[in-house]
Amino acid sequence: MFMANQTQIGTAPAAELTGEQKIQQLRELFADATEVGKTALENVIKELSSQVSEPPPPIESAGRVGARLGKRSELTIIVPLVPGGAARLRTFLQLLGGNLSPGATKVGTLHDMRFVFFDNDTRLLFATSFDGDWDTYIDDFIALIPDYLDLMDSAWEGWPGIRDPGAKDYLIKHQITAEGWFVAEPDLTLAEIQRLKRIGKATDEFLDKVQ
Amino acid sequence: MLDLHEIQATVLRPRPAPYFGTHVLLRIDDAQSGRELFRRLTPHIDSADSWWRAVNPWLSVGISYAGLKALGVPDNSLQSFPEAFREGMAARARQLGDVGINDPKNWDAAYGKGEVHIGVQAFSDSEEDRRRILGIAREQINGLSVSILAMQDFGAQPGDLNSLGYKDGIDQPAIEGSGVDPLPGQGEPIKAGEFILGYPGESGFPLPMPQPEILGRNGTYVGFRKYQSRVGAFNRFLQTHGNTEAERELLAAKLVGRWRSGAPLVLAPDVDDPTLGADPQRNNDFNYANDLRGRHAPFGCHIRRMNPRDTKLTRLTDVKLHRLIRRGTTYGPPYDPNALSEADDEVPRGAYFLFISAKAMSTIEFLQQEWINDGNFIGIGDERDPIIGLQEEGATFTIPKDPVRRLVRGIETFNVLRGGEYFFMPSISALKWLADSQR
């Protein structure tokens with residue numbers, strides 16, 4: 001049975017180890033891996049040794065659950081679905097050709113969202129990344145798009161409804177923090193990306209005019 | 001209609017003009033004395049009954065979480081208060097962005113230590129009446145184990161201008177059922193439950209209320225924040241970026257979105273219009289439909305941030321959910337346009353704000369994070385509120401303009417936070433309950 005809990009891998013918290021110790025720990029864990037795995041590990045270690053000794057800024061916590069990089073947060077939720085829930089949700093998603101663009105664009109902070117059904121439609125993986133914290137604007141979501149949220153989440157087992165004071169706890173209970181994550185431009189919010197696009201366009205127009 | 005006779009006057013009654021007043025911060029040194037103080041004080045606390053009529057002077061009172069504990073309020077009742085209120089403003093510094101020079105460790109001695117238990121506010125339209133009502137408040141303390149931690153007179157004469165020289169307090173949210181028609185431009189009335197506990201809010205439901213009901217109903221929360229105005233830094237900034245008096249005044253107006261007279265830039269884009277500024281029927285009667293590009297009121301100016309009205313925001317936002325009733329109370333010597341030195345930054349003058357809402361803690365945190373110390377919500381990147389924002393090194397202020405925008409550098413933190421506390425402002429019945437809270 002799947003448990004939506006954080007799983008701790010390894011013996012000691014990674015942050016307390018030096019780069020060299022982390023590599024040693026990795027070699028120990030790979031000792032009974034396949035030959036393919038062992039060879040790959042050695043090749044990768046050669047390539048990554050400089051990065052391990054001088055690692056990039058680690059991902060931070062985005063509040064109680066979830067990871068954060070710069071201005072971006074990630075949210076991964078795995079929930080059991082109510083009987084018939086997958087069919088309802090899938091049909092709703094297909095109504096839009098699977099593209100959530102019109103509604104999701106309105107939110108203004110969502111960079112991506114995905115809905116993945118698995119285990120014979122009994123469970124759902126919902127993954128998204130967005131600017132800032134999701135709960136900052138929860139009252140605004142409740143006021144402005146409650147039906148979209150309830151339509152999608154009513155397929156989730158035990159969903160109390162977005163207006164219920166327990167909705168936030170429900171989401172946190174089913175959320176799993178990503179262990180690894182990559183964002184190419186963690187400091188660019190969606191609003192900034194759109195502003196830069198406008199500036200780029202205006203610059204082109206200006207350059208065309210001065211030619 | 002609201003139970004106006006139950007709600008404290010300060011929640012709905014605006015500052016008089018002119019205004020004179022005093023803030024008193026108290027510590028309860030034993031529970032018996034604390035309850036006795038509430039017993040004595042309650043008959044002198046004005047309700048909001050007929051709040052629109054000018055009745056002067058009046059007293060109001062708020063109690064902090066530490067105060068409720070010191071009073072011996074039962075634990076199940078204490079636990080029914082929201083988490084941020086229980087933790088207190090200083091403990092929420094991270095969520096409030098109160099860091100750097102605004103960090104609680106730099107606050108005045110009275111604040112942030114759990115010692116401020118009670119805040120009493122005296123409001124009046126004359127100095128004489130202020131003294132009289134304050135005298136009444138002080139008499140109630142006689143013989144009780146209650147310590148005065150701080151006493152601060154406020155008022156801004158002449159002209160009720162704030163410590164940076166602006167007319168303030170103009171744009172307040174309109175509250176449904178409060179008994180008065182909104183002023184032009186005040187917008188659609190907002191559901192009373194957003195500001196007073198026990199009534200439906202914008203979601204259609206009342207917010208969770210402290211228990212028992214008699215304690216929570218008709219009460220509200222107050223975010224109390226003391227700011228020190230760095231008048232020298234503000235004037236130096238204007239001098240650096242404006243060559244003439246007219247240029248400096250236009251820049252000062254661009255920072256706020258209103259001229260010092262209160263006239264909004266949207267209605268008076270090029271020159272001040274003091275008659276407009278002084279007219280409550282006209283000085284708030286505008287939206288941003290004719291200023292979509294911020295040519296008049298820059299997107300980052302103070303009033304466009306604090307109430308974006310119909311401005312298109314980058315994030316899905318219901319602007320009605322993030323409003324506060326403000327009671328700004330200016331203290332210290334009046335604004336001096338010739339104050340330019342660093343010593344002038346430390347002259348004690350500024351404002352104590354009462355930010356009032358049924359969810360004041362979360363609204364203040366939202367405003368601090370999103371609308372004050374960020375610009376992303378309105379499409380201007382990292383820029384912060386030029387008046388009350390905490391500025392970082394290299395901060396800028398963008399003034400949209402034709403043919404190209406003007407980027408003003410050298411914005412500093414012009415108002416520094418020197419203290420803050422959360423208070424619960426109970427109903428008249430709740431005050432009586434508190435006087436009798438040992439049960």
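Below you will find a few notes about this structure. (Residues numbered from 1 in each chain as written. Chains lettered and ligands numbered in written order. Predicted model: local features only at pLDDT ≥ 70, side-chain atom pairs only at ≥ 80, totals over all residues. Heavy atoms only, no water.)

Details of the overall build of chain A
Using the following cut-off: Going along the chain from the N terminus, every DSSP run of H or I of four or more residues is numbered as a helix, and every run of E of two or more is numbered as a strand. With the radius of gyration taken over C-alpha atoms, the globule rule is written as 2.2 Å times the number of residues to the power 0.38. The rule is simple: take the accessible area with a 1.4 Å probe, protein chains only, and divide by the maximum for that residue type; under 20% is buried, over 50% is exposed, in between is partly exposed. Residues count as neighbours in contact if any of their non-hydrogen atoms are within 4.5 Å of one another. Accessible surface is estimated by sampling points in the Shrake-Rupley manner with a 1.4 Å probe; for residues, cover comes only from the protein chains shown. Only four residue types enter the charge count: Lys and Arg as positive, Asp and Glu as negative, with His and the chain ends excluded. A charge is said to be at NZ when it belongs to Lys, at CZ for Arg, at CG for Asp and at CD for Glu.
Broken down by element type, chain A carries 8 helices and 5 strands. In sequence order, chain A lays out its α and β elements as α-α-β-β-β-α-α-β-β-α-α-α-α. What you see for chain A is a C-alpha radius of gyration of 22 Å, clearly larger than the 17 Å of a compact globule of 211 residues, by over 25%. Principal axes of the C-alpha set define a box for chain A whose edges measure 65 × 50 × 30 Å. Each of the 211 residues in chain A was classed as buried or not, and the buried ones make up 34%. Long-range contacts, defined here as pairs at least 24 residues apart, represent 63% of the contacts in chain A between residues at least 6 apart. Summed over all atoms, the accessible surface of chain A reaches about 13,400 Å², with 57% contributed by carbon and sulfur. Separation between the mean location of the 21 positive side-chain charges and that of the 31 negative ones in chain A comes to 5 Å.

A look at the overall build of chain B
Within chain B, the regular secondary structure consists of 15 helices and 10 strands. Each principal axis of the C-alpha atoms in chain B carries an extent, and together these give about 70 × 50 × 40 Å. In chain B, which comprises 439 residues, the share counted as buried stands at 60%. Taking contacts inside chain B between residues at least 6 apart in sequence as the whole, the part at least 24 apart equals 73%. If you sum the accessible surface of chain B, you get close to 16,900 Å²; carbon and sulfur atoms cover 51% of it. When the 50 positive and 57 negative side-chain charges of chain B are each reduced to one mean point, those points stand 2 Å apart.

Examining the sheet that holds strand β1 (residues 60-61) of chain A
Residue and element names in this part refer to chain A. Quick reminder of the rule: At least two bridges found by DSSP between two strands is the condition for calling them paired.
One open sheet holds the 5 strands; their spatial order is β1-β2-β3-β5-β4, and the pairing between them is antiparallel. What marks the edges here is a single partner per strand, and that holds for β1 and β4 (110-118). Note that strand β2 (residues 67-69) and strand β3 (residues 72-80) share 2 bridges and pair antiparallel. Looking at β3, one finds that Arg-68 is bridged to Ser-73.

Focus on the side chain of Arg13(B)
Residue and element names in this part refer to chain B. Note the following rule: Identification of polar contacts relies on pairs of N or O atoms within 3.5 Å, with a donor-acceptor requirement for protein atoms, meaning one able to donate a hydrogen and the other able to accept it, and with residues adjacent in sequence counted only if both atoms are side-chain atoms.
Summarising the element assignment, Arg-13 is placed in the loop between α1 (9-12) and β1 (20-28). Among the polar contacts listed, one links the side chain of Arg-13 to the side chain of Asp-46, at a separation of 3.2 Å. For Arg-13, the side chain forms a polar contact with the main-chain oxygen of Val-55, separated by 3.4 Å.

Structural notes on the interface of chain A and chain B
The criterion, for reference: Note on terms: buried area is the combined drop in 1.4 Å-probe accessible area of two parts once they are placed together, counting the loss on both.
Chain A puts 20 residues into the contact, and the matching count from chain B is 20 residues. Interface area, chain A with chain B, both sides summed: about 1,600 Å², of which 56% is carbon and sulfur. For the pair chain A and chain B, the number of links is 8 residue pairs in polar contact (both at pLDDT 80 or more). Of all elements in the fold, only α4 (101-107), α5 (138-144) and α8 (190-210) of chain A reach the threshold of two or more residues within the side of chain A that touches chain B. If you tally residues by element for the side of chain A that touches chain B, the top one is α5(A), at 5 residues.

Brief notes about the environment of Gly159(B)
Residues and elements named next belong to chain B. Here Gly-159 lies in the loop between β4 (146-155) and α8 (213-216). Looking at Gly-159, the relative accessible area reads 55%, which means it is exposed. Each C-alpha atom, one on Gly-159 and one on Glu-393, is 34 Å from the other, the two residues being 234 residues apart in sequence.

Notes on the pairing of strand β5 (residues 123-131) of chain A
Residue and element names in this part refer to chain A. Counting buried positions over the 9 residues of β5 gives 8, a clear majority of the element. Judged from the 9 bridges that link them, β3 and β5 form a sheet pairing that is antiparallel. Bridge pairing in β5 places Thr-76 opposite Ala-127. Bridge count between β4 and β5: 8 bridges; the pairing is antiparallel. Residue pairing across strands places Met-113 opposite Thr-128, the latter belonging to β5.

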